[in-house]
Amino acid sequence: MPFSRSFLSEDHLLCSICLDVFNNPVSTPCGHSFCMACIDNYWDSSKHCLCPLCKEAFKRKPDLHINRTLREITEQFKQMTSNMGANGGVEGDEEFEEEETTQGSVDDTEEPGHLPGDVFTKLKRKFARRFSSHTCRIKSGPDQTVTVNEDSTDDTQTLFITNKVSLRRFTLSGAADAMQVPLCPKHHRNLELFCQTDLECICVECGETEHQSHNITCAENEWQSNKMKISTTESEIQEMTEERLQKVEDIKQSLTEIKMLSEREAQRSMQVFGTLVRSMECSQAGLLEEIEKNRRSADQQAEVIIRELEEEITQLRKRSAALGKVAQTKDYITGLKSYSDINTPLSMKDWTDVSVTCDFGTKAIYTSVCQLLEQFKEELQKLPAMSLSVFTEQSPMKSLPKVKRIQEYAVDVTLDPNTAHPRLILSDDGKKVWCGEKHQLVPNNRERFDRVVCVLGREGFSGGRHYWEVEVGAKTDWDVGVASQFINRKGMITVTPSNGYWFLSLRDKKNYSFRDEPSIPLPLSLKPQKIGVFVDYEKGQVSFYNVDEKLHIFTFMDKFTEAIYPFLSPCTIKNGKNIAPLVITPVHLD
């Protein structure tokens, strides 16, 4: 239905970015609408995804779709404005324009079943003039019928209007919703019946002869019933498709977890075998090979399962598309035939209990090592929490050039006072932080932590590789690592990777751990005085190093979706201890 200009104004349909009428309008999650190209360009040129109007921030760029209703309103408005500008008004039949202007004055108390007198007069005048060259019969009576006959050698066209019959819309060639029923090629009668036995449309005479003993129903009713079945089948297919898509995601997630576990298991093995003598290097190589083989086996297993799931998804989508196309068929004969052809059962596999598992097979090798070297039995039985620094003079980790390579990615890190807890004190250059005795008078802004005694760096990282070093000295408690940009900074906080925190901790001067659920203990014989932090954003890697001893401490693999910032916590003062600051020191290449 067209909209009048008194109902809509151009101000309602303007994009607040380009200040023009909407072109392919989309709506943001906060409810505001913009042109698709305008909001895409706005977000591409901005560092963060914010609504241009209400400034609401989105953690990730929303997946926008065209607002079809708003687009239709906009297109009608543009067309209406164009027509009014060209013609000075709405085009239409003069008599019906007159009818529209007087329609509001028609008496609403007119007797039911009758057309108002002036409307009936206009219909008579209109059709009498338009068909004056043909035979016309127009009469007014209780039924108020208007009939226009056009004599022709090929066809007879009739316009019939009545208020006492059902309110159907008619044209000069018959009812607007009428359908041309095909004829039986044998008896030349309408194919109004459907034989459920032979699955074909037949006429009445066919039903009384060839199909006399068959199950016969009304063809139109049969088609309506099948259309309902199509809708049900489409819903079932959609549900099956969703289940398989979810299973694909589950398999991919399982594979990701297996890869992470394999990397962690490989790291543990390196920590153990790094403390052994040269004779055990062959055992270490064998263990790594076994882990990789099992990981590849899991990879291949997942690939086969995913391929089978994707094949079934393709079949389901094809069947859904075919059913959707058949559902749009208006000719029930063609529809029934097409539906019969494609309505065959799909051979689908039950994926409910299918999953990907992996056994790294490391237990047997660990047992063998224990039997060969009794002197390392106690350490091997403590796996995976095995120290790196037993016999550090013989440790192959010490000669690895890994730390020197990552030092080349050194960045200048300074601390952001706007994020610091009120008890924290920062040096003027932003390189030192320590905990004071009481709260300072600082603004309670949105970026500031109010319960956890910590601070973030000024600059975040949304890509690339970065390395910096923090001097922890002889402090009894500290936290060093990275945190996500949109972490919760108010009230009690659960510090885990799933909540955007990745850091190494020291508690009570001896308990080292990586904070997770549960925390991962890291027994270190050589206590680090300086911690090196390395981040590879694309790989999702956070690694920690003992800088002075050139030893790798721990690596955690994850997936970053937001900018991450350096994270430091000197922790609180306990009984006059732990007063020393955390210091961000320059990185020196060896």
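Refer to the structure presented above.
In short, a report on the structure. (Residues numbered from 1 in each chain as written. Predicted model: local features only at pLDDT ≥ 70, side-chain atom pairs only at ≥ 80, totals over all residues. Heavy atoms only, no water.)

1. Notes on the overall build of the protein
Of the regular secondary structure elements, the protein holds 11 helices and 25 strands. Buried residues in the protein amount to 38% of all 590 residues. Across the protein, the fraction of contacts at a sequence separation of at least 24, relative to all contacts at a separation of at least 6, is 60%. Total accessible area on the protein stands at roughly 34,600 Å², and carbon and sulfur atoms take up 50% of it. (Helix = DSSP H or I, 4+ residues; strand = E, 2+ residues; numbered from the N terminus. Buried < 20%, exposed > 50% of the residue type's maximum accessible area, 1.4 Å probe, protein only. Contact = heavy atoms within 4.5 Å. Areas by Shrake-Rupley, 256 points an atom, 1.4 Å probe, with all protein chains shown as cover.)

2. Focus: a positive patch on the surface
Among the surface-exposed residues, K509, K510, K527 and K577 lie close enough to one another that they form a single positively charged patch. With respect to the helices, strands and loops of the structure, K577 is situated in the loop between β24 (564–569) and β25 (582–585). We classify K577 as exposed; its relative accessible area is 55%. (Patch = residues over 30% accessible without salt bridge, like charges linked within 9 Å, V, L, I, M, F, W, Y side chains within 5 Å. Salt bridge = Lys/Arg side-chain N within 4 Å of Asp/Glu carboxyl O. Lys, Arg positive; Asp, Glu negative; His and termini not counted. Charge placed at Lys NZ, Arg CZ, Asp CG, Glu CD.)

3. Comments concerning the sheet that holds strand β10 (residues 193–195)
Read from one edge to the other, the open sheet built from three strands follows the order β11-β10-β12, with strand pairing classed as antiparallel. Looking along the sheet, the strands with just one partner apiece sit at the ends: β11 (200–202) and β12 (216–218). Averaged over all neighbouring strand pairs, the angle between strand axes comes to 40°, with direction disregarded. (Pairing = 2+ DSSP bridges. Axes fitted to C-alpha atoms, helices over the stretch in contact; angles between N-to-C directions.)

4. Some remarks on the pairing of strand β14 (residues 432–435)
The alternating pattern of β14 places V433 and C435 on a buried face, while none of K432 and W434, on the opposite face, is buried. Of the pairings in the sheet, the one linking strand β13 (residues 424–426) to β14 comprises three bridges and is antiparallel in character. Considered in β14, the bridge of I425 is made with W434. The hairpin turn running from β13 into β14, its antiparallel successor, is five residues long, and G430 in that turn takes a positive phi close to 70°. As paired elements, β14 and β25 share two bridges and run antiparallel to each other. Considered in β25, the bridge of K432 is made with V583.

5. Comments concerning the nonpolar core
Core analysis: the biggest nonpolar cluster contains 37 residues, and W478 and I531 have the highest contact counts within it. Ignoring any residue separated from it by four or fewer positions in sequence, one finds W478 in contact with V472, L504, S505, L506, R507, Y512, I531, S569, C571 and L582. Judged by nonpolar contacts, the second largest core, of 19 residues, contains C195, L336, Y339 and I342. (Core = buried A, V, L, I, M, F, W, Y, C linked by side-chain atoms within 4.5 Å.)

6. Some remarks on the packing of aromatic side chains
In total, this model carries 12 aromatic pairs according to the counting rule given. Aromatic pair F461 and W468: ring centres 5.7 Å apart, planes at 40°, arrangement tilted. Of the two residues, F461 and W468, both sit in the buried class. Ring pairs connect the aromatic residues F514, F544, F554 and F556, which therefore count as one cluster. Stacked on the ring of W351, the Lys or Arg K349 has its end atom at 4.7 Å from the ring centre. (Phe/Tyr/Trp six-rings, centres within 6.5 Å; stacked < 30°, edge-to-face > 60°. Lys NZ or Arg CZ within 6 Å of the ring centre and 35° of its normal.)

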